[in-house]
Every structure is written in C-alpha cells, then in structure tokens.
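Examination of the molecular architecture
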Amino acid sequence: MSDIIQLLPDHVANQIAAGEVVQRPASVVKELLENAIDAGAESIKLLLKDAGKTLIQVIDDGKGMSATDARMSFERHATSKIQKAEDLFNLCTKGFRGEALASIAAIAHVELKTKEEHQELGTCIKIEGSKVISQDFINSAKGTSLAVKNLFYNIPARRNFLKSDTVETRHIVDEFQRVALAHPNISFLLHHNNNEVYHLRTGNLRQRIVAVFGSKMNEKLVPIKEQTDILTIEGFVAKPEFSKRKRGEQFFFVNDRFIKSSYLNHAVVNAFDSLLEQGTHPSYFLYLTVPANTIDINIHPTKTEIKFDNEKALYAMLRATVKHSLGQYNVAPVLDFNRDSELDTPYHYNKNTNSGTTPKITVDPDFNPFKEAKQKEISFPYRREQNTQSWESLYTSVAIADGQKQEELFESEKEIKTQKTFQIQRKYVMSLIKSGVVLINQSLAHQRVLYEEFLESITVKEANSQQLLFPVKISFSSQEIEMIYTIKSELENAGFSFDVFTKESVTIKGIPVSVTESKITIILEELLNDINLEVPDKSFSHFDVMAKSFAKTLSIKTGTQLSEKEQESLVNNLFSCKDPNISPFGKPTFKTFTLSEIDNLFNL
Ligand code: ADP
Ligand code: MG
C-alpha cells in the first residue's frame with residue numbers, strides 16, 4: 001500500500017489552530033491587547049464595529065516591528081518572547097505561543113501597520129486567509145495597528161455560531177476590562193460603532209477600578225495588602241454589604257494576568273465567612289504576584305487557568321489577608337441588613353436617613369433581600385382574558401361537590417366551604433377543585449403569570465407604562481449603560497421610558513405598571529446580569545430573556561403572606577396562562593391531588 005500521511009499545508013494548520021485560539025471576537029481582542037502590552041505600549045485603543053464581527057482594531061504606541069518581523073509575526077510558532085523550552089517557566093510576557101497572529105490571519109482579513117521608533121518608514125501588510133495580499137512601506141506613527149475585519153469570513157459555520165451583538169460585545173468588554181484592570185499604568189480607549197465606551201486614563205489601581213465600574217465603586221472598596229517571600233497580594237475587596245446575588249465583579253490577577261481560580265475564590269469567600277448573606281457573592285479585585293518560576297501558564301490555550309506550585313500556602317495566605325483587612329477596616333460593624341433591600345444599588349435618591357447614626361450589627365436571620373417591605377407592593381396587575389374553560393369547569397363544580405359531600409359533616413363550618421384557597425407556610429396556595437385539590441407554588445406560579453404578561457406586552461409593543469412624578473436617575477458603569485442603550489427599544493416596549501443617557505447614568509421617567517419605583521434599579525441590574533449570563537441558542541431573543549428576568553425579579557417570593565383575594569387572583573391568573581403548568585424556568589408550578597390519590601394515602 002502506498003503512503004498516505006502528509007503534512008498539512010500551513011494555511012490549513014493555521015485554520016485548525018485558530019479553532020482553539022479564536023472562539024469569538026473577544027478572543028481576538030484579548031490576543032491583540034496582550035500583544036500591545038507586550039510591546040510596551042503606554043496607550044492602547046480598541047475600535048470595534050458590530051461587536052467585532054465587522055472590525056476589531058487595536059492601535060498601540062509600543063515598540064513596533066521591523067519589516068521582516070512584521071512579515072514573520074504571521075508565521076506559526078513565530079514569537080520574540082521565548083527562545084527555549086525553559087523560558088516557559090519564567091514568563092514575563094502575556095504571549096509566548098507565537099500562534100495568535102497566524103491563527104487570526106487564517107480566518108479573517110487582516111491589515112497590519114507598524115513602525116519602530118527610530119525607523120523613518122513603517123510597514124503595511126495585508127493578509128486574507130493566510131495569504132499575503134500586499135506588503136508596502138508607509139508613513140505611520142511609532143507603534144502598531146492591527147485591524148481584523150470580517151472574522152470567520154471563510155468559516156461560515158463559526159460565523160453563524162456567533163451570538164447576538166449584545167452577547168458578543170459583552171464578551172469583548174469582559175476581556176477589555178480584565179486587561180485594563182491589570183494595567184492601570186496604561187491608558188485605554190474603547191470605541192464601539194464610533195461611540196466611546198471607555199476612556200481610561202492612567203492612574204492607580206483604585207482609580208482604574210472606579211473608572212471601569214463607575215464612581216459608586218469607590219466607597220465599596222476595602223484595600224488589601226500583604227507581602228511575603230512567595231506572594232504579594234494587593235487590591236481590594238468590596239464591603240460585604242455590597243456583595244452581589246450574581247458572581248460578577250470577581251477578579252484575580254496573577255503577575256498581571258487575569259486568571260480564573262475557583263480554589264482561590266473559595267479562599268476569599270471563606271474569609272468573608274458569616275459576613276455574607278446566603279446566596280450572595282463578594283466582589284473583589286485581587287492582584288497576586290508570585291515568582292514567575294512557581295507557576296505554569298501553559299496549561300490552557302487561552303491562558304486563563306494556571307497551576308501554582310504551592311497552592312495550599314497561597315490559599316491560606318489569601319484567606320488570612322482578606323480576613324484581616326475586613327476586620328481592620330471595621331467592615332463588620334457597618335453591616336446592617338435591616339437597611340433597605342436594595343443593598344447594592346448605586347443610586348442616591350431616596351436614600352435612608354441613617355447615615356449619621358452609629359452603625360450597629362443587626363443580622364437578621366430571616367433576612368431575605370428579595371422580600372418585599374410592604375405587602376401592598378405585590379401586584380397581580382391585570383387579569384387576562386380567560387381562556388380557561390377546562391379549568392373553570394373544574395372550579396365551578398367545586399361548590400356543588402363540596403356541598404354534597406360535606407353537608408352533614410361540617411354544618412358548623414360553613415365559611416370554610418366558601419373559601420376556595422388556603423395558603424400553606426407562606427409558600428403554597430392550595431385550592432379546591434372538582435376532583436380533589438391543587439397545590440400551587442406561589443412564587444413559581446407568579447413567575448409564569450408575570451412572564452406571559454411581559455412577553456405579551458414586549459412583543460405586542462403595547463406596554464402599560466406609568467409616568468413617574470419625579471424621573472429617577474440611576475448610576476451604572478459605562479458598559480452597563482451601553483448595554484441598556486442597546487436594548488432600549490425592547491425596554492420601551494416593556495413599559496420603560498427613558499430621558500437622558502449619560503456615560504454613567506440613565507434617567508428614567510416611566511416604568512411598566514407592574515413595577516414599583518423602589519424596584520427599578522434591581523430589575524435593571526438583574527436584567528443586565530441575566531443577559532450576561534444567558535447562553536442563548538440561535539433562537540434567542542432579548543424579549544424572552546427580558547420577560548424571564550422581570551418575572552423572576554418581580555415575582556412574589558416564598559415567605560410572602562397573601563390575602564385571600566391575592567391567592568384567588570394568583571390562581572385565576574395562573575390558569576389563564578397559555579402554559580400554566582411550568583414556570584418560565586421549567587419547574588412545575590402546581591400539582592393536583594385527586595380524591596382517589598388522597599384516598600390511597602389512607603388505604604381507602
Ligand atoms: P506571541 O504573542 O505568543 O509571541 P503572536 O502571534 O501574538 O505570538 O505575535 C507574534 C509576534 O509578533 C510577537 O512575538 C511579537 O514579536 C510580534 N507582535 C505582535 N503584535 C505586536 C505589537 N502590537 N507590537 C509589536 N510586536 C508585535
Ligand atoms: Mg500574542
């Protein structure tokens with residue numbers, strides 16, 4: 001038999017490698033930003049069009065490349081950063097694999113412009129799908145500009161697999177933030193579709209964190225500092241009362257590189273100990289510096305996971321340091337879970353008046369951040385058209401069935417017979433039906449009701465909006481503002497109306513009728529969280545995410561007492577739903593127990 005094995009041509013090998021390195025526009029952003037940093041840039045610009053799908057361009061003022069290096073940089077395994085295998089264990093650059101540019105050039109239209117400081121002319125190279133189209137001398141400023149256009153143009157499957165612009169932008173912003181947070185001494189600019197999203201000036205760590213996450217962040221930060229032979233820890237944790245219901249702002253940097261580590265995260269969470277409300281996550285920005293030869297970065301293609309030589313010691317030290325700082329900065333005494341429920345909301349209006357009083361510890365074991373302060377805020381907004389013949393028929397006969405069976409037994413308890421619903425442990429609503437009883441989980445049921453209502457009003461675009469007497473200004477980070485702006489029209493469909501957008505705030509003048517003013521911030525925050533977290537399939541729509549998110553945030557929760565009228569209203573609204581059986585998140589909303597099932601329990 002003849003030989004059949006052959007070496008793949010470079011452009012094929014590159015395309016295969018690209019599959020690993022470049023999953024989405026955000027991967028390109030990460031690689032290009034890292035290259036700019038490795039080149040010693042002091043100022044880096046990132047320009048995007050259409051969530052990076054059309055254009056990703058990174059412009060730096062770093063050391064640039066010679067004409068030969070410019071050409072070489074697109075070869076696979078071409079790097080200036082390591083020379084021998086041992087170098088892998090003493091890395092001080094972000095990159096070292098020498099495959100990013102080769103991979104990117106295999107799957108996009110790339111234009112590189114670069115010039116070294118002392119050279120008169122720079123170089124411009126155009127490459128499409130690994131093929132060099134042109135190479136010219138040009139006039140340009142010192143540094144490098146790399147423009148990546150039409151990513152995945154030659155891999156339609158990949159291109160089609162990309163998510164909505166909002167989701168892809170979110171991934172890019174995540175990468176951008178991670179790099180920017182790791183390098184406060186470099187200035188960064190981010191433009192998306194010609195709008196400025198970030199302009200981060202050089203400063204110290206705290207200034208950088210505040211610049212990225214908005215000015216409200218400043219007061220939340222507790223500094224952390226510790227230095228030993230094997231580890232330096234610097235950075236901040238957010239005070240426990242600002243912990244979030246979703247993991248969001250959790251950042252570890254090791255030797256200026258963002259990494260993920262559930263092990264180290266555990267150390268931090270552990271240090272917060274009982275200061276955290278159940279189900280909340282602390283925010284932190286922790287910068288660890290360890291000797292380069294005690295970590296292995298080469299264990300993951302995107303270099304976000306690393307292996308530490310002395311993981312256990314780091315864990316102990318990190319935990320002790322965070323604990324110490326929390327204690328030292330007297331964080332514990334300001335804990336007051338009885339404040340208002342919007343613990344972590346960034347707005348000033350309607351602020352509590354207790355700012356001048358002595359802080360006290362009042363940990364309420366029953367504290368539930370979702371619980372409504374006032375019963376009257378529970379809303380079952382509007383009854384829907386009843387399309388419930390079958391369910392109604394179950395109910396209309398209840399009285400008769402009751403009457404026949406119970407006539408003699410419960411003569412003296414006539415009022416029970418007229419009450420059709422009962423609440424059990426502030427969690428379930430039991431309702432009598434012809435064939436037995438139905439047990440409804442109040443929270444899940446209400447989610448279903450709200451979900452369908454929102455979905456309808458958002459898609460039908462007939463929002464029931466209420467105008468606020470005094471427009472409310474809410475602060476967000478600039479990236480959150482950008483996101484709100486992107487989904488503005490959907491939010492308007494849902495019943496919001498907006499006034500002024502600034503880079504760090506939005507003024508809201510109208511809200512959906514089923515939303516109370518005190519909830520505006522929380523439902524928007526939750527929505528942004530949910531959009532970030534959502535792993536959409538192709539059919540994904542903002543409408544659905546939005547309706548789910550609102551339903552989840554606004555639904556009545558376990559622990560809420562419902563009046564008889566509210567119980568009935570809930571039951572009616574649930575069974576008027578198109579899909580009463582399951583919650584928007586797929587859980588059953590109710591169970592029925594027929595008389596014979598109940599009989600069975602008694603061996604009857
Ligand atoms: P790596 O970063 O792993 O070395 P890349 O493919 O990202 O691999 O880059 C290849 C080489 O191109 C780098 O080693 C570097 O010498 C050069 N290079 C890439 N981007 C820049 C830049 N922005 N400025 C200067 N040199 C760069
Ligand atoms: Mg690189």
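Residues numbered from 1 in each chain as written. Chains lettered and ligands numbered in written order. Predicted model: local features only at pLDDT ≥ 70, side-chain atom pairs only at ≥ 80, totals over all residues. Heavy atoms only, no water.

Some details on the overall build of the protein chain
Along the protein chain, the regular secondary structure elements total 19 helices and 22 strands. With 604 residues in all, the protein chain has 50% of them scored as buried. Counting every atom, the protein chain has about 29600 Å² of accessible surface; 51% of that belongs to carbon and sulfur. (Helix = DSSP H or I, 4+ residues; strand = E, 2+ residues; numbered from the N terminus. Buried < 20%, exposed > 50% of the residue type's maximum accessible area, 1.4 Å probe, protein only. Areas by Shrake-Rupley, 256 points an atom, 1.4 Å probe, with all protein chains shown as cover.)

Some points on the sheet that holds strand β13 (residues 284–289)
Strand order in the open sheet formed by five strands is β9-β10-β13-β11-β12, and the pairing between neighbours is mixed. The open sheet terminates on both sides in strands that have one partner only, identified here as β9 (221–227) and β12 (257–259). Across this sheet, the average inter-strand angle for adjacent strands is 20°, counted without regard to direction. Bridge count between β9 and strand β10 (residues 232–238): seven bridges; the pairing is antiparallel. Bridging from a neighbouring strand, Q227 pairs with T232 of β10. Those strands touched by helix α6 (residues 165–182) are β11 (250–254), β12 and β13, and its axis lies near 55° from that of β11. (Pairing = 2+ DSSP bridges. Axes fitted to C-alpha atoms, helices over the stretch in contact; angles between N-to-C directions. Contact = heavy atoms within 4.5 Å.)

Focus: the side chain of H183
Relative to the elements of secondary structure, H183 occurs in the loop between α6 and β7 (187–192). Excluding residues that lie within four positions of it along the chain, H183 makes contacts with I37, K94, F188, R208 and D256.

Overview of the site of ligand 1
In the vicinity of ligand 1, 18 residues are found, and the nearest of them are N35, T79, S80, K81 and G98. In the environment of ligand 1, an oxygen atom lies 2.5 Å from a nitrogen or oxygen atom belonging to the side chain of T79. At 3.3 Å from an oxygen atom of ligand 1 is found a main-chain nitrogen or oxygen belonging to A100. The fraction of the free accessible surface of ligand 1 (530 Å²) that becomes covered by protein chains is 92%. For the shell around ligand 1, the per-class residue count stands at six nonpolar, eight polar and four charged. (Near = heavy atom within 4 Å. Polar contact = N/O pair within 3.5 Å; in protein donor to acceptor, adjacent residues only side chain to side chain. Nonpolar A, V, L, I, M, F, W, Y, C, P; charged D, E, K, R; others polar.)

Brief notes about the environment of V21
Mapping V21 onto the fold places it in helix α1 (residues 10–21). Put simply, V21 and T302 are 281 residues apart on the chain and 6.6 Å apart in space, counted from C-alpha to C-alpha. Those residues in contact with V21 that lie beyond four places of it in its chain are S27, E31, E99 and S103.

Considering the nonpolar core
Counting 61 residues, the largest nonpolar core has V148 and F285 as its most contacted members. Looking at this core, you find at least three residues from each of domain 1 (10–200) and domain 2 (212–328). Non-local contacts of F285, meaning those with residues more than four positions away in its chain, are made with L181, I209, F213, M217, L221, E234, G235, F236, E249 and F251. (Core = buried A, V, L, I, M, F, W, Y, C linked by side-chain atoms within 4.5 Å. Domains from an automatic or database assignment.)

Quick word on the pairing of strand β4 (residues 122–128)
Counting buried positions along β4 gives five out of seven residues, so the element sits mostly inside the fold. Examined bridge by bridge, strand β3 (residues 109–115) and β4 share six bridges and lie antiparallel to one another. Across the sheet, the residue bridging to K113 is C124, located in β4. Following β3, the chain reverses through six residues before pairing antiparallel with β4. Across seven bridges, the pairing between β4 and strand β5 (residues 131–138) is antiparallel. Along β5, the bridge assignment pairs G122 with I138. Here β4 hands over to β5 after two residues, with G129 in that stretch at a positive phi of 50°.

Shape descriptors only; they carry no functional weight alone.
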